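# Understanding the architecture of this molecule
Here is what each chain is made of, one letter per residue.
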Amino acid sequence: MESTGCGHLAVRSPSPLTEIDDPRLRGVRLWLKRDDLLHPEVPGNKWRKLHLNLREAHARGATTLLTFGGAYSNHIRAVAAAGRACGFATVGVIRGEERPPLNPTLEFAVKRGMRLTYLDRDAYRAKHTPEVVAALRDRFGDFHLLPEGGSNALAVRGCAPVAGEIGVDFDVLCCACGTGGTLAGVAAGLGPGRRALGFAVLKGGGFLADEVRRLQREAGTVTDNWSIDADHHFGGFAKYPPELRAFVADFENRHGIEPERVYVAKMLAGIYDLAARGRLRPGTRVVALITGPPDPRGTGTGEGRGTQGLDAHPSRLE
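Calculation notes
- Residues numbered from 1 in each chain as written.
- Predicted model: local features only at pLDDT ≥ 70, side-chain atom pairs only at ≥ 80, totals over all residues.
- Heavy atoms only, no water.
- Helix = DSSP H or I, 4+ residues; strand = E, 2+ residues; numbered from the N terminus.
- Rg over C-alpha atoms; globule rule 2.2 N^0.38 Å.
- Buried < 20%, exposed > 50% of the residue type's maximum accessible area, 1.4 Å probe, protein only.
- Contact = heavy atoms within 4.5 Å.
- Areas by Shrake-Rupley, 256 points an atom, 1.4 Å probe, with all protein chains shown as cover.
- Lys, Arg positive; Asp, Glu negative; His and termini not counted.
- Charge placed at Lys NZ, Arg CZ, Asp CG, Glu CD.
- Axes fitted to C-alpha atoms, helices over the stretch in contact; angles between N-to-C directions.
- Parallel < 35°, antiparallel > 145°, perpendicular 65-115°, else oblique.
- Left-handed = near helix turned anticlockwise from the far one by under 90°.
- Core = buried A, V, L, I, M, F, W, Y, C linked by side-chain atoms within 4.5 Å.
- Nonpolar A, V, L, I, M, F, W, Y, C, P; charged D, E, K, R; others polar.

Next up on the list: the overall build of the protein chain. Of the regular secondary structure elements, the protein chain holds 11 helices and 10 strands. Taking 20 Å as the expected radius of gyration for a compact globule of 318 residues, we find that the protein chain reaches 19 Å, a close match to that expectation. Here the protein chain holds 318 residues, and the buried ones make up 55% of them. The long-range fraction of contacts in the protein chain, counting pairs at least 24 apart against all pairs at least 6 apart in sequence, stands at 73%. Counting only carbon and sulfur atoms, one obtains 49% of the accessible surface of the protein chain, whose full area is about 13,200 Å². For the protein chain, the distance from the average position of its 42 positive side-chain charges to the average position of its 36 negative side-chain charges is 0 Å.

Before going further, it helps to spend a moment on the packing of helix α1 (residues 44-59) against helix α2 (residues 74-86). Their axes nearest at 11 Å, the elements α1 and α2 cross at an angle of 45°. The angle between the axes of α1 and α2 places the two elements in the oblique class. Judged by the sense of rotation from one axis to the other, the crossing of α1 with α2 is right-handed. Mapping the contact onto sequence places Lys-46, Leu-50 and Leu-54 in α1 and Asn-74, His-75, Ala-78, Val-79, Ala-82 and Cys-86 in α2.

Below, the discussion takes up the environment of Gly-278. Positionally, Gly-278 belongs in the loop between α10 (264-276) and β10 (285-289). Classification of Gly-278 as partly exposed rests on a relative accessible area of 38%.

So, about the nonpolar core. By size, the foremost hydrophobic cluster in this structure holds 61 residues, and its most contacted members are Leu-30, Leu-32, Val-186, Met-267, Leu-268 and Ile-271. At nine residues, the largest contribution of residues to this core is made by α10. Excluding residues within four positions of it along the chain, Ile-271 makes contact with Leu-25, Leu-30, Cys-174, Phe-199, Leu-280, Val-286 and Ala-288. Membership of the second largest hydrophobic core comes to 25 residues, among which are Ile-76, Ala-78, Val-79 and Ile-94.

With that out of the way, let us pick up the packing of α2 against helix α3 (residues 104-111). Interhelical geometry of α2 versus α3 gives an angle of 15° and a closest axis separation of 8 Å. By the angle class used here, α2 and α3 are roughly parallel. Considering the relative orientation of α2 and α3, their crossing is left-handed. Taken together, the residues of α3 that come into contact with α2 (itself represented by Ile-76, Arg-77, Ala-80, Ala-81 and Arg-84) are Pro-104, Thr-105, Leu-106, Phe-108, Ala-109 and Lys-111. For the contact of α2 with α3, the residue count by class is seven nonpolar, one polar and three charged.

Right, dumping it as structure tokens:
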């Protein structure tokens, strides 16, 4: 078990590796890096992106964490849970108007002690300006600011050790790509001769390449060993069309693992498609990073949120 060093957020690290035996991969070998099992409330890339930020907050003597997110943000959930485990008060600044009753994501956050406040969309777009931050400090006192989605230089460094935990020889490390932080980190940690492939989960994800470069620059490690696949977004962020729904059901039936639907399912479906079309050649050894568990509410993240209350804005991502 590993801890953040600032409380009791112990995780199952390294996360286990599971090989998938499936003839549809046409000779491509596939392992799942089960980061969804790292922690029940702060799983996957959430823990990886947060744990160094939590240590930094602790080292600075902070007592409160403040962050931003949409009404269904997994990042908001994770910060609320991690803050409680590590002894921080937490504040979640939610985009849009308050709409009671609380949805399950925000209800979870409140039960973990998070105070919620809301910004209309115009104010939210200016959330990192000095004026908005100063107003938040006037209201909530001093706080340690975590970026929306958790992607910053410390998050990149937190994701970099993934490759070193993989106990098999591999060629390609895949992850879903929303804000670029996870891809920037795992690529930075790869050894020679290996590549990282990020699957954009939103339509028009071309901007992500610039984000990955920016994040790597800020983290102090710039690499050219990564690329982004923008062809497997399945209609846009949080969209869950019938073909993706069928893939998820079939994968669970064959392998006993239900893929998370907004991020992980698109990555896995993309890997299968690239293998079928020969763009991943037979014999290629692929590790897929499972960055989160299936939706805990039973309705399914994509099904329940795909077109209701969500849009394809990057602030929803990761």
